[in-house]
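Chain by chain, the residues:
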Amino acid sequence: MSILVNSDTRLLVQGITGKEGSFHTTQMVEYGTNVVGGVTPGGAGKSVAGAPVFNTVHQAVEATGANVSIIFVPARFAPDAIYEAVDAGIPFVICITEGIPILDMVPVYDYVKQKGARLLGPNCPGVITPGEAKVGIMPGFIHEPGSIGLVSRSGTLTYEVVDALTRAGLGQSTAVGIGGDPVIGTSFVDALELFQADDKTSAIVMIGEIGGTDEETAAAYIKEHVTKPVVGFIAGQTAPPGKRMGHAGAIISGGTGTAAEKIRTMTEAGVSMANKPSDVPGLVKAAIA
Amino acid sequence: MNVHEYQAAEILAARGIPVNVGKVATTPAEAEAIAAEFGKLVAIKAQVHIGGRGKAGGIKLAKTPAEAKEAASQILGMDIRGHTVNKVLVVPGVDIAREFYLGVVLDRPNRVPVLMASAEGGVDIETVAAESPEKIIMARADPYLGLRDFQARDVGFALGLEKELINPFTAIASRLFKAFVEMDATLAEINPLIVTGSGEMMALDSKMSFDDNALFRHPGLEDLRDLAEENATELEARGHGISYVKLDGNIGCIVNGAGLAMATMDAVKLHGGEPANFLDVGGGASADQVATAFQLVTSDENVQAILINIFGGITRGDVVAQGIREALGRVDVKVPIVVRLSGTNAEQGRALLAEAGLTAYGTMDEAAQQVVAAAA
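Keep in mind the model is a prediction, meaning the values are calculated, not measured.

**So, the interface of chain B and chain A**
The interface of chain B with chain A comprises 46 residues on the first partner and 60 residues on the second. Summing the contributions of chain B and of chain A, the shared interface buries around 4,000 Å²; its carbon and sulfur component is 63%. When the buried surface of chain B facing chain A is broken down by residue, B:Arg108, B:Arg111 and B:Ile314 rank first, second and third, together holding 21% of it. Where chain B meets chain A, there are four salt bridges. If you look at where chain B meets chain A, you find 15 residue pairs in polar contact (both at pLDDT 80 or more). Of all elements in the fold, only strand E8 (112-118), helix H6 (163-182), strand E10 (185-196), strand E13 (243-246), helix H9 (258-270), strand E17 (337-343) and helix H13 (364-375) of chain B reach the threshold of two or more residues within the side of chain B that touches chain A. With nine residues, H9(B) is the single largest residue contributor to the side of chain B that touches chain A. Grouping the constituent residues of the side of chain B that touches chain A by class yields 24 nonpolar, ten polar and twelve charged.

What follows is the structure, encoded as structure tokens:
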């Protein structure tokens, strides 16, 4: 098993001929991901890393049977790209693009939900099932196949933790980056639900950060529904209130969203909390022993 | 992006919301003249991008123009939690019968905007939310339809408003919601929304913040930016695609990725140091970006040592190391630098840095420990 992507993934890349899109298509193909095609309006007939380019997602799906799409188009056009993918019947869409206006994502989120599809991101590194499919911008080589499920709001911090897990001999079932924006398609709870149901995942690592209350909601969910061991880390313990820490969602406002509150709630839900990223592998080993 | 109270009030007034209209003064004499013009009791209000002005002494009442001059001279130049007051808003005194809170924010768990109201006007909504959440009345917008009038009316009735106040309230709530959505706000707030002695509803204090990602479609908003309120270094960083936030410590941080940057600050603190800044240099950590980051970080005089923490993912560690060396060739950095480099080709990268006389470590813990020692 594993979650979200695997060797059956037939990936479409929207914005495939752009700088980011073509670079990461090559990286994904080199990792072994089955990239079946790409879309750039007006780009039909070209090919990138061996993948044929189509003008529209509908045409691409018809020709290739793509079942997952990853989006690299600029922020102003990214919501439309998500609508297009979902409208063409793609059940799982990953949006890497950062800088999308928050309110643009409100109807997008609802549309995706109404159509029964799933969105990951925006402003996320994507998802990888080591050894099967890398659908995102993460460095593939730091991952190893294994049984630890990882879900995170951050990019490089996720790589940091994955690297530490791999060095400690703890491979990953799937690593999911849900993104750092206020409105995102897949939440911690969604990912936890998938990991809990996944036979291959023996323990879950959850990496949160300041801002919002998604970690608190996740803690409540863990308490009620997750029987697998969960290890957590929260970044931003030293962040001051009222200042946006890079991610649009990483801001402590009105006393909510603090690291201290998230750590307390998660600890109360039975999550083993790491003080620093390098403590994560030890806590995972203790939890699955 | 934040704007001042008077700017938010102007935006809302232009959208048909009744506002207690005042005038801005930058000198005590101007405040005196404005007070004379109003010819009655006035309130002098500090214009700074931070809450809690009243408690800090940034809001004073004045019965006469002379008192207004005196109050303004006390408030202008005052420091309110790190914000210097350069402007005051002088507003005519009003007869307040009742006060309410009215605001629109994004309801993150439900991913829609929400209208919030409370009969506890003038109090921080966060305080109400913490102490008596049942007193907050909410109406969630539909993702496509927005906030309908019936929802605003429901909130008005739930607040206990008399029937003659329902229509004015609905109009205000609906216009506030439209302002929030149409201007890509992250906050639109009237606190307090008052009912005057003669039964009229009016915004007495307004606050708005806007989504930085959406500023491109609201070019007019840039004109409202008060450069004096923003850290010059933070602004410059933004121009280079770098996220920088100044903090109070003495250890400068240069990191790729926002989450890792926060974790790096935490690691510095965990090892007994104090971070001087948050800085996300961006994914690739190119020579240009690192050089700019050096300039930004060293412009803070408190910085006594710099920690560079790069997780080389798709950008290889040796390329990152070359970039750091090139950046050091361009910027004269006088404080000790500790590098943590991990990921692809990190060993080659560390060797390249060692040649340039820089100490590079493989783990964040080691590097944090070393930089704290270097700054001591």
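**Considering the domain arrangement of chain A**
All names here are of chain A. Taken domain by domain, chain A holds domain 1 (11-120) and domain 2 (138-288). For domain 1 and domain 2, the distance between their C-alpha centres works out to 26 Å. Contacts between the two partners involve nine residues from domain 1 and, on the opposite side, twelve residues from domain 2. Across the interface of domain 1 and domain 2, roughly 890 Å² is buried in total on both sides, 64% from carbon and sulfur atoms. Together, Ile 102, Arg 118 and Leu 120 form the three largest contributors to the area buried by domain 1 at its contact with domain 2, with a combined 50%. The interface formed by domain 1 and domain 2 holds zero salt bridges in total.

**Topic: the pattern of salt bridges**
Scanning the entire structure with this criterion turns up 30 salt bridges over all chains. Close ionic contact of B:Glu182 with B:Arg15 constitutes a salt bridge, the shortest N to O distance being 3.0 Å. Of this pair, B:Glu182 sits in helix H6 while B:Arg15 sits in the loop between helix H1 (5-14) and strand E1 (23-25), and the two are 167 residues apart along the sequence. If you follow the salt bridges from partner to partner, you end up with A:Arg153, A:Glu215, A:Glu216 and A:Lys262 in one network.

**Considering the side chain of A:Thr25**
Residues and elements named next belong to chain A. With respect to the helices and strands, Thr 25 occurs in helix H1 (residues 19-31). Taking the relative accessible area as the measure of exposure, Thr 25 reaches 0% and is therefore buried. Discounting chain neighbours no more than four positions away, the residues touching Thr 25 are Val 13, Ile 16, Val 35, Val 48 and Ala 49.

**Concerning the domain arrangement of chain B**
When cut into domains, chain B gives domain 1 (21-92), domain 2 (96-222) and domain 3 (231-375). The C-alpha centroid of domain 3 of chain B is placed 43 Å from the C-alpha centroid of domain 1 of chain B.

**Details of the packing of aromatic side chains**
All names here are of chain A. Under the defined criterion, the tally for this structure stands at two aromatic pairs over all chains. Between Tyr 83 and Tyr 111 the ring centres are 5.1 Å apart and the planes differ by 80 degrees, which places this aromatic pair in the edge-to-face class. Of the two residues, Tyr 83 sits in helix H3 (residues 78-87) while Tyr 111 sits in helix H4 (residues 105-114), which places them 28 residues apart along the sequence. Under the relative-accessibility criterion, Tyr 83 is labelled partly exposed at 25%. On the basis of relative accessible area, Tyr 111 is assigned to the buried category, the value being 18%.

**Some points on the sheet that holds strand E10 (residues 145-152) of chain A**
Residues and elements named next belong to chain A. The seven strands are arranged E9-E8-E11-E10-E12-E13-E14 in an open sheet whose pairing can be described as mixed. Both outer strands of the open sheet, strand E9 (133-136) and strand E14 (272-273), are each paired with one neighbouring strand and no more. Sheet analysis places strand E8 (residues 126-129) next to strand E11 (residues 172-177), joined by three bridges and oriented antiparallel. Each bridged residue has a counterpart across the sheet, and for Gly 126 the counterpart in E11 is Gly 177.

**Description of the environment of A:Pro139**
In this structure, A:Pro139 sits in the loop between E9 and E10. Linking A:Pro139 and A:Tyr159, residues 20 residues apart in sequence, is a C-alpha distance of 7.7 Å. Beyond its immediate stretch of four places on either side in the chain, A:Pro139 contacts A:Tyr159, B:Gly313 and B:Ile314.

**Focus: the sheet that holds strand E3 (residues 59-62) of chain B**
All names here are of chain B. Read from one edge of the open sheet, four strands run E1-E6-E2-E3, paired in antiparallel fashion. Pairing within the sheet leaves two strands with one partner each, and these edge strands are E1 and E3. The average angle at which neighbouring strand axes cross in this sheet is 25 degrees, direction not considered. By the bridge criterion, four bridges tie strand E2 (residues 42-46) to E3 in an arrangement that is antiparallel. Pairing of Lys 45 across the sheet is with Ile 59, part of E3. Where helix H2 (residues 28-38) meets the sheet, its contacts fall on E1, E2 and strand E6 (88-92), and the angle it forms with E1 comes to roughly 155 degrees. Sheet contacts for helix H3 (residues 65-75): E2, E3 and E6; angle to E3, the most-contacted strand, approximately 165 degrees.

**Some remarks on the state of the cysteines**
Using the criterion set out here, one finds zero disulfides over all chains in the structure. Distance from the sulfur of A:Cys124, which forms no disulfide, to the nearest cysteine sulfur (A:Cys95) is 7.2 Å.

**Topic: the nonpolar core**
Core analysis: the largest hydrophobic core is formed by 95 residues, its most contacted members being A:Ile70, A:Ile94, A:Val135, A:Leu165, A:Val205, A:Met206 and A:Met245. In terms of residues, this core owes the most to one element, H9(B), which gives eight residues. Other than its neighbours up to four places away in sequence, A:Ile94 contacts A:Val68, A:Ser69, A:Ile70, A:Ile71, A:Leu120, A:Cys124, A:Gly126, A:Val127 and A:Val135. Of all hydrophobic cores here, the second largest spans 76 residues; its members include A:Ile90, A:Met105, A:Val106 and B:Ala9.

**Observations concerning the packing of H9(B) against H13(B)**
All names here are of chain B. Direction vectors running N to C along H9 and H13 enclose 55 degrees, while the axes themselves pass 9 Å from each other. Comparing their axes, H13 and H9 come out oblique. Crossing hand, H9 versus H13: right-handed. On H13, the residues that touch Leu 260, Ala 263, Thr 264, Ala 267 and Val 268 of H9 are Met 364, Ala 368, Val 371 and Val 372.

Basis of the calculations
Residues numbered from 1 in each chain as written. Chains lettered and ligands numbered in written order. Predicted model: local features only at pLDDT ≥ 70, side-chain atom pairs only at ≥ 80, totals over all residues. Heavy atoms only, no water. Contact = heavy atoms within 4.5 Å. Buried area = accessible area lost by both parts, 1.4 Å probe. Salt bridge = Lys/Arg side-chain N within 4 Å of Asp/Glu carboxyl O. Polar contact = N/O pair within 3.5 Å; in protein donor to acceptor, adjacent residues only side chain to side chain. Helix = DSSP H or I, 4+ residues; strand = E, 2+ residues; numbered from the N terminus. Nonpolar A, V, L, I, M, F, W, Y, C, P; charged D, E, K, R; others polar. Domains from an automatic or database assignment. Buried < 20%, exposed > 50% of the residue type's maximum accessible area, 1.4 Å probe, protein only. Phe/Tyr/Trp six-rings, centres within 6.5 Å; stacked < 30°, edge-to-face > 60°. Pairing = 2+ DSSP bridges. Axes fitted to C-alpha atoms, helices over the stretch in contact; angles between N-to-C directions. Disulfide = S-S within 2.5 Å. Core = buried A, V, L, I, M, F, W, Y, C linked by side-chain atoms within 4.5 Å. Parallel < 35°, antiparallel > 145°, perpendicular 65-115°, else oblique. Left-handed = near helix turned anticlockwise from the far one by under 90°.

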